[in-house]
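# Structural description and commentary
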Amino acid sequence: MSIYTRTGDQGQTSVIGGRVSKDDAQVEAYGSIDELNSFVGQAASLSDEETFGDLREELLQIQQELFDCGSDLAYVQLSESRYKVTPELAERLEAWIDRHQSENPPLEKFILPGGTPLAATLHVCRTVCRRAERRAVTLGQMKEINAEVLTYLNRLSDYFFAAARTANHRRQVADIEYVRSRKVFGNK
């Protein structure tokens, strides 16, 4: 099987139910999710089994779900019966966030993205996730989409923040506070 088809040589690509321009808002939305998925794969590859086995499993599950998000955004016409992203996915992310937050030290101020290579990569995931969410919002203003994808992406960026802090904490690397930040987070 050849991986090239030549069908996109003139700037068009296939979506579920038709063809669109490669710079269409729909392609931009699921393409940003695909980019995010690559960074999540990089983060998973940095997650050694001994220290980060649980995190690695979460990231591998998220990669599967990002494919689901992209698939749900790839429909030309609304097809609720085929949607893969459900409210339960965001609820599970919330449980993971809560677990990571309970492990992390208290946070009062904004922090700089970075620390260990894994934490830095998770911060990249967080920012790419926010962009993917913005692209999905744009698409949702143009056509009807599965709104659960927006909820999932919003929660997922929070997950990456909490997981990045966990990656630093488990390696005993302190988060670096933004020096001009006021106290913006409460200690829960």
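Just so it is clear, the model here is predicted, and its values are computed rather than measured.

## Considerations on the packing of aromatic side chains
Taken as a whole and assessed by the stated rule, the structure comprises four aromatic pairs. Both rings, one in Tyr75 and one in Tyr83, keep their centres 6.2 Å apart while their planes meet at 70°; by these two values the pair is edge-to-face. Relative accessible area serves as the criterion here: at 10%, Tyr75 is assigned to the buried category. Judged by its relative accessible area of 16%, Tyr83 is buried. Note on Tyr159 and Phe160: the rings are 5.6 Å apart at their centroids and 65° apart in plane angle, and the pair reads as edge-to-face. In terms of burial, Tyr159 and Phe160 fall into one category: buried. We note Arg92 situated over the ring of Trp96; from NZ or CZ to the ring centre the distance is 4.2 Å.

## Side note on the packing of helix H1 (residues 25-45) against helix H2 (residues 49-73)
Think of two packed helices as two axes; the pair is described by the angle between the axes and how far apart they sit. In the contact formed by H1 and H2, the axes pass within 9 Å of each other and the chain directions differ by 170°. In terms of axis orientation, H1 runs roughly antiparallel to H2. Contacts between H1 and H2 involve Gln26, Ala29, Tyr30, Ile33, Leu36, Asn37, Val40, Gly41, Ala43 and Ala44 from the first element and Arg56, Leu59, Leu60, Ile62, Gln63, Leu66, Phe67, Cys69, Gly70 and Leu73 from the second. Its residues assigned to classes, the contact of H1 with H2 shows 14 nonpolar, five polar and one charged.

## A word on the pairing of strand S1 (residues 12-15)
Along any regular strand the residues' side chains alternate between the sheet's two faces. The pairing of S1 with strand S2 (residues 18-21) spans four bridges and is classified as antiparallel. Paired with Ser14 across the two strands is Arg19, which belongs to S2. In textbook terms, the turn of a hairpin is the stretch between consecutive antiparallel strands, and for S1 and S2 this stretch comprises two residues, one of which, Gly17, has a positive phi near 105°.

## Observations concerning H1
Counting along an α-helix, one turn takes 3.6 residues, and residues three or four places apart therefore face a common direction. Here H1 spans 30 Å end to end across 21 residues, near enough to the 30 Å set by a 1.5 Å rise per residue. Considering only its buried residues, H1 is in contact with S1, S2, H2, helix H4 (117-142) and helix H5 (147-170).

## Section: a nonpolar patch on the surface
On the surface, a nonpolar cluster with roughly 650 Å² of combined accessible area is contributed by Phe110, Leu112, Ile176, Tyr178, Val179, Val184 and Phe185. You can see Phe110 is positioned in the loop between helix H3 (87-103) and H4.

## Section: the environment of Arg182
With respect to the element layout, Arg182 can be found in the segment after H5. Under the relative-accessibility criterion, Arg182 is labelled exposed at 71%. Taking C-alpha positions, Arg182 is 6.1 Å from Lys109, a pair spaced 73 residues apart along the chain.

Definitions and limits used
- Residues numbered from 1 in each chain as written.
- Predicted model: local features only at pLDDT ≥ 70, side-chain atom pairs only at ≥ 80, totals over all residues.
- Heavy atoms only, no water.
- Phe/Tyr/Trp six-rings, centres within 6.5 Å; stacked < 30°, edge-to-face > 60°.
- Buried < 20%, exposed > 50% of the residue type's maximum accessible area, 1.4 Å probe, protein only.
- Lys NZ or Arg CZ within 6 Å of the ring centre and 35° of its normal.
- Axes fitted to C-alpha atoms, helices over the stretch in contact; angles between N-to-C directions.
- Helix = DSSP H or I, 4+ residues; strand = E, 2+ residues; numbered from the N terminus.
- Parallel < 35°, antiparallel > 145°, perpendicular 65-115°, else oblique.
- Contact = heavy atoms within 4.5 Å.
- Nonpolar A, V, L, I, M, F, W, Y, C, P; charged D, E, K, R; others polar.
- Pairing = 2+ DSSP bridges.
- Expected span 1.5 Å × (residues − 1).
- Patch = residues over 30% accessible without salt bridge, like charges linked within 9 Å, V, L, I, M, F, W, Y side chains within 5 Å.
- Areas by Shrake-Rupley, 256 points an atom, 1.4 Å probe, with all protein chains shown as cover.
- Salt bridge = Lys/Arg side-chain N within 4 Å of Asp/Glu carboxyl O.

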